[in-house]
Amino acid sequence: MENKLSIEKISLPLIKDNRGFLVFAESEKHIPFKIKRVFYIGGVEKDGCRGFHANKKNKNILFCIQGSAVIKFDNGKEKVEIFLNEPNMGVLINNKIWHSMENFSKDLIMLVFSSEFYDESDYIRDYKEYIKYIK
Ligand code: TYD
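In this convention, every chain numbers its residues from 1, walking through the sequence in written order. Thresholds applied to this predicted model are a pLDDT of at least 70 for local features of residues and 80 or more for the giving and counting of side-chain atom pairs; totals over whole chains, interfaces and linings are not thresholded and use all residues. In computing side-chain properties, one takes all heavy atoms of the structure into account and sets aside hydrogens as well as water.

**Student:** Would you mind showing me how to read the overall build of the protein here?
**Tutor:** Helical segments are the DSSP runs of H or I of at least four residues, strand segments are the runs of E of at least two, and each set is numbered from the N terminus. Summing up its helical and strand segments, the protein has one helix and twelve strands in all. Reading the protein from its N end, one meets helices and strands in the order β-β-β-β-β-β-β-β-β-β-β-β-α. This radius of gyration counts C-alpha atoms alone. The globule rule is 2.2 Å times how many residues there are, raised to the power 0.38. The C-alpha radius of gyration computed for the protein amounts to 15 Å, which stays within 12% of the reference 14 Å derived for 135 residues, consistent with globular compactness. Overall, the C-alpha framework of the protein stretches about 55 × 35 × 25 Å when taken along its three principal axes.

Here it is in structure tokens:
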């Protein structure tokens, strides 16, 4: 099993002018996989949390396009976390990584690009099962 848990940040182009800002992302260019799915999260409670699962195959890239959150990663040996609070600064969640999104700001809108279509059988939602899976 791989020990090193490195965080890959994804920085998208941000165009700012007197009308505000615009951020864009192109599949397989700024996002290092073919985007098959997009979802977004909002209406959260301050200090709310989500996630607490790993995916067998799917990879996600998360952006806090409004507000902020802490993203926590765990590969069964190491834990790392990152604070996201810029609309163009995202983070890759690789497959086989246990993760959670926590400490939400109340205004959070989180945008997620995924490498796979939704498939519940790709999820591991029990931490003990995750540890068995990665061994
Ligand atoms: P869930 O995995 O619990 O969200 P989170 O990762 O933020 O904790 O998903 C909530 C519900 O939405 C669950 O019933 C599965 C469903 N869902 C889809 O149908 N398609 C999707 O792309 C996603 C991400 C979730």
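**Student:** Is there a simple way to explain the site of the ligand in this structure?
**Tutor:** The local shell around the ligand consists of Arg 37, Phe 39, Ile 41, Arg 50, Gly 51, His 53, Tyr 118, Tyr 123 and Arg 125. Counting of polar contacts relies on pairs of N or O atoms within 3.5 Å, with two restrictions inside protein: one atom must be capable of donating a hydrogen and the other of accepting it, and residues adjacent in sequence are counted only when both atoms are side-chain atoms. One of the side-chain N or O atoms of Arg 37 is found 2.5 Å from an oxygen atom in the ligand. Contact distances for the ligand include 2.6 Å between an oxygen atom and a side-chain N or O atom of Arg 50. Using a 1.4 Å probe, accessible areas were evaluated by the Shrake-Rupley method; residue-level cover was limited to the displayed protein chains. Taken by itself the ligand offers 530 Å² of open surface, and the protein chains cover 60% of this. Elements that contribute at least two residues to the shell around the ligand include exactly β4 (37-41) and β5 (50-55). Throughout, the ten residues Ala, Val, Leu, Ile, Met, Phe, Trp, Tyr, Cys and Pro are labelled nonpolar, Asp, Glu, Lys and Arg are labelled charged, and all others, Gly among them, are labelled polar. Taken together, the residues of the shell around the ligand sort by class into four nonpolar, two polar and three charged. Note on definitions. A residue lies near a molecule or strand when any single heavy atom of the residue is within 4 Å of it.

**Student:** It is not clear to me how unusual backbone geometry should be interpreted in this structure. Could you clarify?
**Tutor:** For residues other than glycine, phi is negative in most cases, and the peptide bonds are mostly trans. The phi dihedral of Asp 47 is positive, around 65°, even though this residue is not glycine. When you line up the elements, Asp 47 lands in the loop between β4 and β5. Located in the positive-phi region is Phe 52, a residue other than glycine, with phi close to 60°. Within the fold, Phe 52 resides in strand β5. Exposed residues in this analysis have more than 50% of their type's maximum accessible area, buried residues have under 20%, and partly exposed residues fall in between, with area computed by a 1.4 Å probe over protein chains only. For Phe 52, a relative accessible area of 35% corresponds to the partly exposed category.

**Student:** Explanation requested: the environment of Gly 90 in the structure shown.
**Tutor:** One can find Gly 90 in strand β9 (residues 89-93). Looking at Gly 90, the relative accessible area reads 0%, which means it is buried. Here the alpha-carbon distance between Gly 90 and Lys 77, two residues 13 residues apart in the chain, equals 24 Å. Residues are treated as being in contact if the distance between any of their heavy atoms lies within 4.5 Å. Apart from the residues within four sequence positions on either side, Gly 90 is in contact with Glu 8, Lys 9, Ile 10, Leu 62, Phe 63 and Leu 84.

By themselves, these are just geometric observations and shouldn't be taken as functional.
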